[in-house]
Amino acid sequence: MKTILCYGDSLTWGYDPSNGKRIARDKRWPGVLRNDLGSNYFVIEEGLNGRTTLWDDPLHGGYKNGMKYLIPCLASHRPVDLVILFLGTNDLKTRFSLSATEIARSIRVLVDLILKSEAGPHENAPEILLVAPPIITELSNFAEEFESGKTKSNLLGKYYKQVAEEHNVHFLDSSEVVVASDLDGIHLDVGEHVKLGHVMASIVGKIMK
């Protein structure tokens, strides 16, 4: 059985922009991925609302920092065959004052940690699928919090791809597959989760051959 770790933020947790609750297990993208892949795969959902790449959020304490939990998470689930790394949206918040280049450098740190973790089979590195977050569209409730993030989000796909190529890991630009909800400009509607899950399953199937 292959183990897939989905490590992300609210886009992985399944935040529903229509009501702020969690999308049903079989409708959010990790659940769709699990159903498509079948019984030979164990899909672990590690989504946390507000998770950053490696930044402490002053409004939420240290537990939103994705780097701090990454190694313990890998160690607790090892051996992990594949890590789907899907972070970066929360780094776009105004309070972090980060450029798109700095966010890409942050994701590079996490990629390096995974590659050096020995958390894969036979103490090798797990495979990595690096996913660039969807482009921020017209903001509503999150407009002030992500005031400068919309323009920066357009650059993440290009910079993440460079990180993936430099480290020889797999890459998906989610903005080529899904569009953020009209309801808040950041999260994915149920239909987009389903669409992304099917695409993820196709890519994972090829990686794990």
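- The name given to the protein in an unreviewed UniProt entry is SGNH/GDSL hydrolase family protein, with Methanobacterium veterum as the source organism.

### Overview of the overall build of the protein
Next up, step 1: In terms of regular secondary structure, the protein is built from six helices and five strands.
Next up, step 2: Of the regular secondary structure in the protein, the N- to C-terminal order runs β-α-α-β-α-β-α-β-α-β-α.
Next up, step 3: Against the 2.2 N^0.38 benchmark of 17 Å for 209 residues, the protein shows a C-alpha radius of gyration of 16 Å, consistent with a compact globule.
Next up, step 4: Seen through its C-alpha atoms, the protein measures out along the principal axes to roughly 45 × 30 × 30 Å.

### Re the layout of surface pockets
Next up, step 1: A volume near 170 Å³ is recorded for the largest pocket.
Next up, step 2: Together, Ser10, Tyr15, Asn49, Gly50, Thr89, Asn90, Lys93, Phe142, Glu145, Phe146, Ile186 and His187 line the largest pocket.
Next up, step 3: A per-class count over the lining of the largest pocket returns four nonpolar, six polar and two charged.

### Regarding the UniProt feature "domain: SGNH hydrolase-type esterase" (unreviewed entry) in the protein
Next up, step 1: Mapped onto this numbering, the UniProt entry annotates "domain: SGNH hydrolase-type esterase" (unreviewed entry) at residues 6-184.
Next up, step 2: Note that residues 6-184 is 34% helix and 14% strand, and that its end C-alpha atoms are spaced 23 Å apart.

### Examining the pairing of strand 3 (residues 82-86)
The side chains of a regular strand alternate between both faces of the sheet.
Next up, step 1: With five of its five residues buried, strand 3 lies for the most part within the structure.
Next up, step 2: Of the two faces of strand 3, the one lined by Leu82, Ile84 and Phe86 and the one lined by Val83 and Leu85 are each fully buried.
Next up, step 3: By the bridge criterion, five bridges tie strand 1 (residues 2-8) to strand 3 in an arrangement that is parallel. Residue pairing in the sheet places Cys6 in a bridge with Ile84 of strand 3.
Next up, step 4: Strand direction decides the pairing type here: strand 3 and strand 4 (residues 127-132), joined by four bridges, are parallel. Bridging across to strand 4, Ile84 finds its partner in Leu129.
Next up, step 5: Handedness of the crossover joining strand 3 and strand 4 through helix 4 (residues 100-115) is recorded here as right-handed.

### Looking at the pattern of salt bridges
Next up, step 1: Inspection of the entire model under this criterion finds 10 salt bridges.
Next up, step 2: Here Asp56 makes a salt bridge to Lys68, at a shortest N to O gap of 3.1 Å. One end of the pair, Asp56, is in the loop between strand 2 (41-47) and helix 3 (66-77); the other, Lys68, is in helix 3, and 12 residues separate them in sequence.
Next up, step 3: If you follow the salt bridges from partner to partner, you end up with Arg22, Arg28, Arg34 and Glu45 in one network.

### Some thoughts on the side chain of Ser181
Next up, step 1: Looking at where Ser181 falls in the secondary structure, it is placed in the loop between strand 5 (170-173) and helix 6 (190-207).
Next up, step 2: For Ser181, the residues in contact, after removing those within four places along its chain, are Pro17, Thr137, Ile186, His187 and Asp189.

### Some remarks on unusual backbone geometry
Next up, step 1: Across the junction of Arg78 and Pro79, the peptide omega takes the value 0 degrees, indicating a cis bond.
Next up, step 2: Here Pro79 shows up in the loop between helix 3 and strand 3.
Next up, step 3: For Glu118, which is not glycine, the phi torsion reads 60 degrees and is therefore positive.
Next up, step 4: Along the chain, the position of Glu118 falls in the loop between helix 4 and strand 4.
Next up, step 5: Take Glu118: its relative accessible area is 44%, and that puts it in the partly exposed class.
Next up, step 6: Backbone geometry places Asn168, a non-glycine residue, at a positive phi of 55 degrees.
Next up, step 7: The exposure class of Asn168 is exposed, given its relative accessible area of 72%.

About the cut-offs
- Residues numbered from 1 in each chain as written.
- Predicted model: local features only at pLDDT ≥ 70, side-chain atom pairs only at ≥ 80, totals over all residues.
- Heavy atoms only, no water.
- Helix = DSSP H or I, 4+ residues; strand = E, 2+ residues; numbered from the N terminus.
- Rg over C-alpha atoms; globule rule 2.2 N^0.38 Å.
- 1 Å grid on protein atoms, 1.4 Å probe; cavity = no way out; pocket = protein on both sides within 12 Å on 5 of 7 lines; lining within 4 Å.
- Points joined across faces, edges and corners; volume = space filled by probe spheres on them.
- Nonpolar A, V, L, I, M, F, W, Y, C, P; charged D, E, K, R; others polar.
- UniProt positions renumbered as here; feature names shortened; annotations may be inferred.
- Buried < 20%, exposed > 50% of the residue type's maximum accessible area, 1.4 Å probe, protein only.
- Pairing = 2+ DSSP bridges.
- Right-handed = clockwise from strand over helix to strand, strands pointing away.
- Salt bridge = Lys/Arg side-chain N within 4 Å of Asp/Glu carboxyl O.
- Contact = heavy atoms within 4.5 Å.

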